[in-house]
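Tertiary structure, described
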Amino acid sequence: MKLTTAQFKTDYRKLLKTLYAEEQDELSTSEQFLVLGNLVRQYLADQWQQTTAEYNRTQRKQVYYFSIEFLPGRLLESNLLNLGILDTVRAGSKELGLDFDQLVAAEPDPGLGNGGLGRLASCFMDSLASMQIAGNGNGIRYRYGLFKQAFINGYQVELPDDWLRNGNVWEVCKESKACTVRFGGNVYLRRDEASGQLVPVYENTQDVLAVPYDTAMLGYHNHVGNTMRLWSAELPPQADDHYYTQADKAAVARITEVLYPDDSNYDGQLLRLHQEYFFSSAGVQSIIRHYRRHQQSLVDLGRQIAIHINDTHPTLVIPELMRILLDEEHLDWSVAWRITTQVMSYTNHTILQEALEKWPQDMLARELPRIYQIIAEIDRRFRVEMTPIYGAERVQRSAPFGDGQVRMAYLAVIGSHSTNGVAKLHTELLQRDVLADLYAIYPERFNNKTNGITLRRWVQLANKPLSELLDQQIGSGWRSASSELETVKAYQNDPAFLAKLAQVKLTNKQRLADYVAATLQIKIDPIALFDVQIKRLHAYKRQLLHVLGIIDLYQRIKAAPDEHYQARVHIFGAKAAPSYYYAKEIIKLINALADLVNHDPAMRDRLKIVFLPNYSVSLAEKIIPAADIGEQISTASKEASGTSNMKLMANGALALATLDGANIEIRDAVGADNLFLFGLTVDEVYAYYAQQNYRAQTLYDQSPRIRRILDALVDDTIPGIQTEGRDIYDSLLRFNDDYFVVRDLESYLAAQAQIDQAYQDQNQWQQRALENIAFAGRFSADKTVNRYAEDIWHVHHQSRPETK
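The structure presented is a predicted model; accordingly, all values stated were derived computationally and were not measured.

Observations concerning a negative patch on the surface
A cluster of acidic residues, E22, E23, D25 and E26, forms a negative patch on the protein surface. With respect to the helices and strands, the residue D25 is situated in the loop between α1 (5-20) and α2 (29-58). Take D25: its relative accessible area is 67%, and that puts it in the exposed class.

Structure, rendered in structure tokens:
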């Protein structure tokens, strides 16, 4: 859009007066942000409304992306960037006497996700709009985010993340588009005398009103405004003869209160099931209602609508669409099933069996009786059709029902026309292992779509010094066509440019050092090597391996304090699920080790540990540009893809990596010399599984170095971890180290030694960083979404140059 600085200042002053009727300097920073946010929403309103009208007028095929997580990050800068007025508003804010950076920081960072799944969904929303795809997000408007993480005596404490305390300036409540979602009660089929059709009769249900809140998702410089719709649970309007109690209100509000309630007990599992059906049912009802308003024949639904299932959480969209087509639209089962499979597609995000959702059949039958009946019929028909062809054993292993459970990943594959993994290796493992039986039955449905990131946020916004340097050196074309980043390779042997690149990194490291000093009162040297691991805290991601490497360095410095050591700062950002006791023990270990190391005068600033609490998108935007090394050290075969690996490479960090997930494709892009590889391969991990011959205790007995490192967990080297240290020690030796931490430890230490040596030659280090930046465009979310659009959704899209 076109906007002058003068017009912006006039608009801001006028809206400030309208909203607050006070002088500017009487407002808090939060109130000043609300004025600016409301003004930007006015600026984007025409674009949003016109896009919706255009989609309806042209009857464009629409994509609905269902995800239980969306992690959009702060939207102020992103919206201004995509509108093309970021520099204008920044300059105008300065002239108004506003601190623009403070206003950006005043925006709540919605914790509506717990890592890569939710951030991927938000990257895709950005790319859908930027590629002019008619794309819609569908999720839950959590009253509280995941949780606000604090450390007390080194332990993780979960505090409420009250991100909606001052409202959400970007959302619009669409109460007129609310839907009713039914839980519990009894359902039976009765033949209608007039039509002769079987119709469901519901008795004693608990009805919940799903109220949508819409947020605009803007495309980059293209006047497109798509919609992310998040649903909030409320009580339905009261009947004249019934009054709701406070307990009734609390029970309904609980459905959309928090992301990922503790499901270690029955009540928690029940709440998770209610959440998943709530947003799945509301979303599908809304889609069909909108379709019916603008279309006539439901037979064409698959040509006009694509519903994408982001991991198993929204899988209930399959039986929910069947319910509507059968019960409300009165279609024959075979017709309804054909339409449903045409509409649905599914992305699998894990190979961990414990992460493949299963619900007890009796729970689902009691809480969602009609949905259970439909799934039972899907299961019956699948068995009848497939058993004569593939045999009872294979069909039993792959049917929706098994061992008293409803297996959601299997239902997702059976009820969709496409199932994709999120990295080449991950897809191969799905086909040969996790979903092997379903792959044998439906090989044509399986495909790979490696994840991607939006460089608009992770470079243009998060790393302005790098963006400006790239503009100066290769022009600004890379901002619209990320493939143009590869042209920067022409400067790989240019000492002047490499020196500028090093200065950019130093600037970002100083910014992070200032933040760490202000928030944690820990002084870190930006000249040191910044070794970063930022991701959800889980045993398979192996933050523990990183910690053991730090223990080794600490022990070496203590044993030989006069030797030369590369100065290092190890930086962690991670949350552990509230009920994940082992992960929370690792957090305590990291913090206890940090307390020991950071206060030991023998370290002389050669080793520091920083664990930044409450990891979020906005915190990642500070850490990632400052990283020299990004640790991607999951056990080979366990990480589906990873996206922090892509964000870090785009900002010039070199990966310390196992050959897992998308690390393999990053290696193929940048070359093995431009990252540091170590550890078991997938085949070696699977060989251990097959032969059952892994013995962590033997490695401990044979290696004095490993023994010394692990003994530090239990010999009081690290104060304050008597219980946690013993539990972790036992997990590795007594319970034989599920994720091969001990097996990969010496290989990891050798790779860290290579890093120390390589960092001494800063010219060569910057050449390697440049190689990573140059090929980051290959992992653009725009390219990934392009593949979804062409291969899975079959929708119109505007290809950017890098997606052709």
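There's more to say after this.
Considerations on the sheet that holds strand β18 (residues 529-534)
Two strands in a sheet stick together by hydrogen bonds in their backbones, pointing the same way (parallel) or opposite ways (antiparallel). An order of β20-β19-β18-β21-β22-β23 is seen for the 6 strands of this open sheet, with the pairing classed as parallel. Looking along the sheet, the strands with just one partner apiece sit at the ends: β20 (607-611) and β23 (676-677). Relative to β23, strand β22 (residues 654-657) runs parallel, the two sharing 2 bridges. Note on β23: the bridge partner recorded for L656 is F676. Docked against the sheet, helix α31 (residues 762-774) engages β21 (629-632), β22 and β23, running at close to 85° with respect to β22.

Considerations on the nonpolar core
Membership of the largest hydrophobic core comes to 263 residues, with the highest contact counts inside it found for F278, I307, L548, L710 and W793. With near-sequence residues (within four places) excluded, F278 lies in contact with V181, F183, V208, L209, A210, W231, S232, A233, I255 and T256.

A few points about the state of the cysteines
Applying the stated criterion across every chain, the model contains 0 disulfides. Of all cysteine sulfurs in the structure, the one in C179 sits closest to C173, which takes part in no disulfide; the separation is 12 Å. Among the residues examined, C173 registers a relative accessible area of 38% and is labelled partly exposed.

Some points on helix α6 (residues 116-130)
Between the first and last C-alpha of α6 there are 21 Å, a value that for 15 residues agrees with the 21 Å anticipated at 1.5 Å per step. For α6, the tally of buried residues reaches 14 of 15 residues, placing the bulk of the element in the interior. Looking one or two residues past α6, Q132 carries a phi angle of roughly 60°, positive in sign.

Cut-offs applied
- Position labels on residues start from 1 in each chain and follow its written sequence.
- Reporting of local features is limited, given that this is a predicted model, to residues whose pLDDT is at least 70; pairs of side-chain atoms are given and counted only at 80 or more, and all residues count toward the totals for whole chains, interfaces and linings.
- The side-chain numbers reported here are obtained from all heavy atoms of the structure, hydrogens and water having been left aside.
- Like-charged residues are merged into a patch within 9 Å and nonpolar side chains (Val, Leu, Ile, Met, Phe, Trp, Tyr) within 5 Å, provided each residue has over 30% relative accessible area and no salt bridge.
- Where accessible areas are quoted, they stem from the Shrake-Rupley method and a 1.4 Å probe; at the residue level, only the protein chains shown are allowed to cover.
- Any carboxyl oxygen of Asp or Glu within 4 Å of a side-chain nitrogen of Lys or Arg constitutes a salt bridge here.
- Asp and Glu count as negative and Lys and Arg as positive, but His and the ends of the chain are not part of the count.
- Taken as the charge centre is NZ of Lys, CZ of Arg, CG of Asp or CD of Glu, depending on the residue.
- Numbered from the N terminus, helices here are DSSP runs of H or I no shorter than four residues, and strands are runs of E no shorter than two.
- Residue exposure (1.4 Å probe, protein chains only): buried if accessible area is under 20% of the type maximum, exposed if over 50%, otherwise partly exposed.
- In this analysis, strands are considered paired if DSSP registers two or more bridges between them.
- Should any heavy atoms of two residues lie within 4.5 Å, those residues are counted as being in contact.
- Note on definitions: angles span 0 to 180 degrees between N-to-C directions of axes, and those axes are lines fitted to C-alpha atoms, for helices only across the stretch in contact.
- The set of buried Ala, Val, Leu, Ile, Met, Phe, Trp, Tyr and Cys residues whose side-chain atoms join them within 4.5 Å is what this entry labels a nonpolar core.
- Whenever a pair of cysteine sulfur atoms sits within 2.5 Å, that pair is classed as a disulfide.
- By this rule the span expected of a helix is its residue count minus one, scaled by 1.5 Å.

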